Amino acid sequence: MQISLVLLIAVLFGCGFYLLMRRSFLKVILGLMLLSHAANLLVFTAAGIVRDAPPLVHDSMSAPPAGSADPVPQALVLTAIVISFGITAFALVLFRRAYDVLGSDDIDELRRTET
Amino acid sequence: MLVAAIAVAYRVYPDHIEVLHVGKWSAPFGICLVADGLAAIMVLMTGLMAVLMAIFSMVTIESRRIKDGYFFLYFVLLAGVNGAFLTGDLFNLYVWFEVLLIASFVLIVLGGNRDQLDGAVKYVTMNLLGSVIFLSAVGLIYGKTGTLNMADLAQRMPDISNTPLIQASGGMLIVAFGIKAGLFPLFSWLPASYHTPPHAVTTLFSALLTKVGIYALIRITTLVFASEQGYFQPLLLVVAALTMVTGVLGAVAQYDLRRLLSFHIVSQIGYLLFGLALFTPFGLAAALFFMVHVMAAKAALFVVSAIVYYLRGTSDLKVLGSFAQLHPALTVLFAVPAMSLAGLPPLSGFIAKLALVRAGLESSAYITVAVSLAVSVLTLYSMTKIWNEVFWKPAPAMQSGSFSERPLSRTRIWGMVLPATILAAFSVGLSLAAQPAFSFALRVATQLLDPDAYITAVLGTPS
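These lines cover the structure that appears in this document, whether it is placed above or below. Predicted, not measured: the structure shown is a model, and the values here were computed from it.

1. Some thoughts on the overall build of chain B
At step 1: Looking only at helices and strands, chain B features 21 helices and two strands.
At step 2: Relative to a compact globule of 463 residues, whose C-alpha radius of gyration would be 23 Å, chain B shows 22 Å and is just as compact.
At step 3: Expressed as a percentage of the 463 residues in chain B, the buried residues total 62%.
At step 4: When contacts within chain B are restricted to residue pairs at least 6 apart in sequence, long-range pairs at least 24 apart make up 80% of them.
At step 5: Just so you have it, chain B exposes about 15,700 Å², and 69% of that area is on carbon and sulfur atoms.
At step 6: Charge centroids of chain B, computed over 25 positive and 19 negative side chains, lie 10 Å from each other.

2. Notes on the overall build of chain A
At step 1: From N to C terminus, chain A includes three helices and zero strands.
At step 2: Seen in sequence order, chain A has helices and strands lined up from the N terminus as α-α-α.
At step 3: The proportion of buried residues among the 115 residues of chain A is 35%.
At step 4: Nonlocal contacts in chain A, meaning residues at least 24 apart in sequence, comprise 58% of its contacts between residues at least 6 apart.
At step 5: For chain A, the computed accessible surface area is about 7,100 Å², with 66% contributed by carbon and sulfur atoms.

3. What to know about the interface of chain B and chain A
How big an interface is tends to be expressed through the accessible area that disappears when the partners come together.
At step 1: Each partner contributes to the interface: chain B provides 34 residues, whereas chain A provides 37 residues.
At step 2: Summed over both partners, the interface of chain B with chain A comes to about 3,100 Å²; 76% of that surface belongs to carbon and sulfur atoms.
At step 3: On the surface where chain B and chain A come into contact, there are zero salt bridges.
At step 4: Connecting chain B to chain A are zero residue pairs in polar contact (both at pLDDT 80 or more).
At step 5: Elements represented by at least two residues in the side of chain B that touches chain A include exactly α5 (90-109), α6 (114-145) and α9 (189-193) of chain B.
At step 6: No other element matches α6(B), which puts 19 residues into the side of chain B that touches chain A.
At step 7: Of the residues in the side of chain B that touches chain A, the class split is 20 nonpolar, eight polar and six charged.

How each quantity is defined
Residues numbered from 1 in each chain as written. Chains lettered and ligands numbered in written order. Predicted model: local features only at pLDDT ≥ 70, side-chain atom pairs only at ≥ 80, totals over all residues. Heavy atoms only, no water. Helix = DSSP H or I, 4+ residues; strand = E, 2+ residues; numbered from the N terminus. Rg over C-alpha atoms; globule rule 2.2 N^0.38 Å. Buried < 20%, exposed > 50% of the residue type's maximum accessible area, 1.4 Å probe, protein only. Contact = heavy atoms within 4.5 Å. Areas by Shrake-Rupley, 256 points an atom, 1.4 Å probe, with all protein chains shown as cover. Lys, Arg positive; Asp, Glu negative; His and termini not counted. Charge placed at Lys NZ, Arg CZ, Asp CG, Glu CD. Buried area = accessible area lost by both parts, 1.4 Å probe. Salt bridge = Lys/Arg side-chain N within 4 Å of Asp/Glu carboxyl O. Polar contact = N/O pair within 3.5 Å; in protein donor to acceptor, adjacent residues only side chain to side chain. Nonpolar A, V, L, I, M, F, W, Y, C, P; charged D, E, K, R; others polar.

In structure tokens:
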């Protein structure tokens, strides 16, 4: 399980960086999306994929019993997914608007602000 | 907000560390906010900038942008910046970074003319990439240590230091913050986008955003990766020197006032990193002093460039001219922060650079010191260029007889001159009060390089 996830992350990172270096807007956006998925999976996998008891705390206890799963990575990934969703939505609108106004979807033609 | 910042600073002065456990979850399980000397200085400067830039924005931002929520985003940005300065949790730092990034994304495109969109595409792409790298590093660190609280991390780090995984994740964090701070070779988005939004936005970004990146670098290298300093030091010194050089060379080649100043931001970041990379109390204190000085001086220069723009409707150096004849007061207002930035005595920039050079010589980082001195001369050269082109030479239009200036209302003029004056006065005041200010910076730096106090304050147990 872990090995296949690690391979998946590697593929996602590879494709993400490849797409990011392309010139077309759409490919850059797709690259960013793949990269954020890769990062989310990485957080998840690095924290360890194990089958453990749910971390429920009884009234009589102050900490979850030994052998329960760690809930923190899931909380982290959930936050990160929400953030990356919002940012991807924003980036899509921005790139669409940039395409409308600049009349090009080629990164190499964005030279107005360069020297 | 400035009042609250002063209150925080007062409680932290001189050596106390204030900790707030949000939701009463005790560290390291809950998220906590920590205000030590460094965070207090940064929050204080943010508060000062926030007030001055609010005045500046009120007179320069068009009503169409205000209607689109300019001031709302302004405060979201400030919330993100302050959160990033105060948090004591690595993942929480990521969240605050995203808060301020989203606000800055929208601020940079708000109004949406062609240049803004063009710059924003680069800004957004680069910063998202930085966030992804940051998040991956956070994940790796959590997987290895099982904690994200920075104090807790610092405590566990010596046991597992020098393993490739930790060094790799530390390197990823440095790359991520380097993108946000505008370090060589990751700075290219900065001069491509900072000059496109309205002047008030540029000023605010230049004063706060790159500094958040540097703050995060200081925090990470002195606290979490304190045991890896020897590993990262050579890299950071080389990067600092290259950042200084490329920034200033870019500036020298520019003929647009705001782009020139944007390149200077990069160059100044190099100086800050240089002070940090020495990892001595004196070097770090010099970097802190430099940070406060450069925030004020840089913002003052950007405000002056805004006044120039609003008077003439352009910021092209070749077209501008004869400000010294027509606006002598404005000329003084430019000269003070410009000379301070170039490091001429007796202004604050001179003291900051002198301290940096001394710290560098003490740690025998001779090459970087030599580079920083050469860059100083080039900074002076580019400031002289602005001086000659904008203030001293007669405007080309004057000779051809087509010279005209836009009339500005009184409130507009004062709304721009007031922040510039306060910032310039702050810069002068900093040089007059250099001794107490620097000894305070030295105390903060000593506190930073001895993370035990921070760990004890957060975790509540003597380590």
